[in-house]
Amino acid sequence: MIDTHTHLYSDQFDDDRHEMIQHALDKGVEKFFLPAIDSETHEKMLLLEAEYPDKVFSMMGLHPCSVQQDSWQNELQLVKNYLDQRDFVAIGEIGIDLYWDKSTLDIQIKAFEQQIDWAIERDLPIVIHTRESFEETFEVLERKKHPKLRGIFHCFSGNLEQANHAIDLNFILGIGGVVTFKNGKIDQFLNEIPLDKIVLETDSPYLAPVPFRGKRNESAYVELVAGKLVDIYKTDFNEIDRITTENALRLFGLNQ
């Protein structure tokens, strides 16, 4: 299995990070993809990646919740500096979040578009954070359409129409703990989405799946997400594992 979206560098893991990673490895999670947030955590993320070569892979980007009036341009410059210095597997997590702050929408869009441009220039996938902002996110993606523009709608929680729209735009869906929630709703239509358009994720330490909902999430719990997909797709665990792993490796440009 692959956890395509996990904040392993979060301070919530400071007391037991290595044990938590080992627990995930023991459960069969082979690779971990780390989305960037902002300058407060970039170095911590990269140091962790260096500790686990061939297991942990970093993205680079500016999270929409970190797009603030007084600092977003400096933060974006730091992102560009990192992108110019070394390789990353993706640009992310980037996008639009209107749950926490609607007042920054204009600069969130500017930051999102700039990072899309960098991804296209470098032929990298993007990992999109969209919260209460599907319409705005799709408007940007339609405007920026390009043969090289591709990636993941991380923590997908939209409806079937939005899922198909994302796929039509050359994106795949990141499925995490929400699929196990009674009010998550995506379990009601997910079997209409081809398995080759799905990857597994946890977003740990956030959004733990049932039966751990409300507690700290861990990468090992990606097994519970895969288990739920077994029920939804009426297939066996190994098939879910194989297809979603192949999807992730293909998207991020890695060989097994």
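None of these values were measured; they are calculated from a predicted model.

Novice: Could you clarify how one ought to interpret the packing of aromatic side chains in this entry?
Specialist: Centre-to-centre distance and the angle between the planes together describe a pair of aromatic rings. A complete count under the given rule lists 9 aromatic pairs for this structure. Aromatic side chains Phe33 and Phe252 sit 4.1 Å apart centroid to centroid with 10° between the ring planes, which places their arrangement in the stacked category. Taken together, the residues Phe33 in strand S2 (residues 31–34) and Phe252 in helix H8 (residues 237–252) connect sequence positions 219 residues apart. The pair Phe33 / Phe252 is uniform in exposure class, with both members buried. Taking the centre distance of 5.6 Å and the plane angle of 70° together, the rings of Phe134 and Phe156 count as edge-to-face. Separated by 22 residues along the polypeptide, Phe134 in helix H5 (residues 134–143) and Phe156 in the loop between strand S6 (151–153) and helix H6 (160–168) bring together distant segments of the chain. One aromatic cluster is present, formed by Phe134, Phe138, Phe153, Phe156 and Phe171 through successive ring pairs. A cation sits over an aromatic face here: Arg131 above Tyr99, 3.5 Å from the ring centre. Over the face of the ring belonging to Phe181 we find Arg213, whose NZ or CZ atom lies 3.7 Å from the ring centre.

Novice: What should I look at first to understand the sheet that holds S6 in this one?
Specialist: Reading across from one edge, S4-S5-S6-S7-S8 is the order of the 5 strands in this open sheet, with parallel pairing throughout. Either end of the sheet is taken by a strand with one partner, and the two such strands are strand S4 (91–97) and strand S8 (198–200). Ignoring strand direction, the axes of neighbouring strands in this sheet form an average angle of 30°. Strand direction decides the pairing type here: strand S7 (residues 171–175) and S8, joined by 3 bridges, are parallel. Note that in S8 the partner of Ile175 across the bridge is Leu200.

Novice: How do you make sense of the nonpolar core when you look at a structure like this?
Specialist: Across soluble globular proteins, nonpolar side chains have a tendency to be buried as a group. Counting 76 residues, the largest nonpolar core has Ile126, Leu141, Phe153, Ile175 and Leu229 as its most contacted members. Per-element accounting of this core gives the leading share, 8 residues, to helix H4 (residues 105–122). In contact with Leu229, not counting residues within four places along its chain, are Ile175, Val179, Leu190, Ile198, Leu200, Lys234 and Ile240. The next biggest cluster of nonpolar side chains, apart from the first, holds 14 residues, and it includes Ile2, Phe33, Met59 and Ala248.

Novice: It is not clear to me how unusual backbone geometry should be interpreted in this structure. Could you clarify?
Specialist: Excluding glycine, most residues fall at negative phi; most peptide bonds, likewise, are trans. Cis peptide bonds are those with omega within 30 degrees of zero, and the linkage from Ser204 to Pro205 qualifies with 10°. When you line up the elements, Pro205 lands in the loop between S8 and helix H7 (222–233). Note that the residue after Val210, namely Pro211, is joined by a cis bond; omega there is 10°. By secondary structure assignment, the location of Pro211 is in the loop between S8 and H7. Look at Asp203: it is not a glycine, yet its phi comes out positive at around 60°. Residues other than glycine seldom take positive phi values, yet Lys234 does so here, at roughly 55°.

What counts as what
- Residues numbered from 1 in each chain as written.
- Predicted model: local features only at pLDDT ≥ 70, side-chain atom pairs only at ≥ 80, totals over all residues.
- Heavy atoms only, no water.
- Phe/Tyr/Trp six-rings, centres within 6.5 Å; stacked < 30°, edge-to-face > 60°.
- Helix = DSSP H or I, 4+ residues; strand = E, 2+ residues; numbered from the N terminus.
- Buried < 20%, exposed > 50% of the residue type's maximum accessible area, 1.4 Å probe, protein only.
- Lys NZ or Arg CZ within 6 Å of the ring centre and 35° of its normal.
- Pairing = 2+ DSSP bridges.
- Axes fitted to C-alpha atoms, helices over the stretch in contact; angles between N-to-C directions.
- Core = buried A, V, L, I, M, F, W, Y, C linked by side-chain atoms within 4.5 Å.
- Contact = heavy atoms within 4.5 Å.

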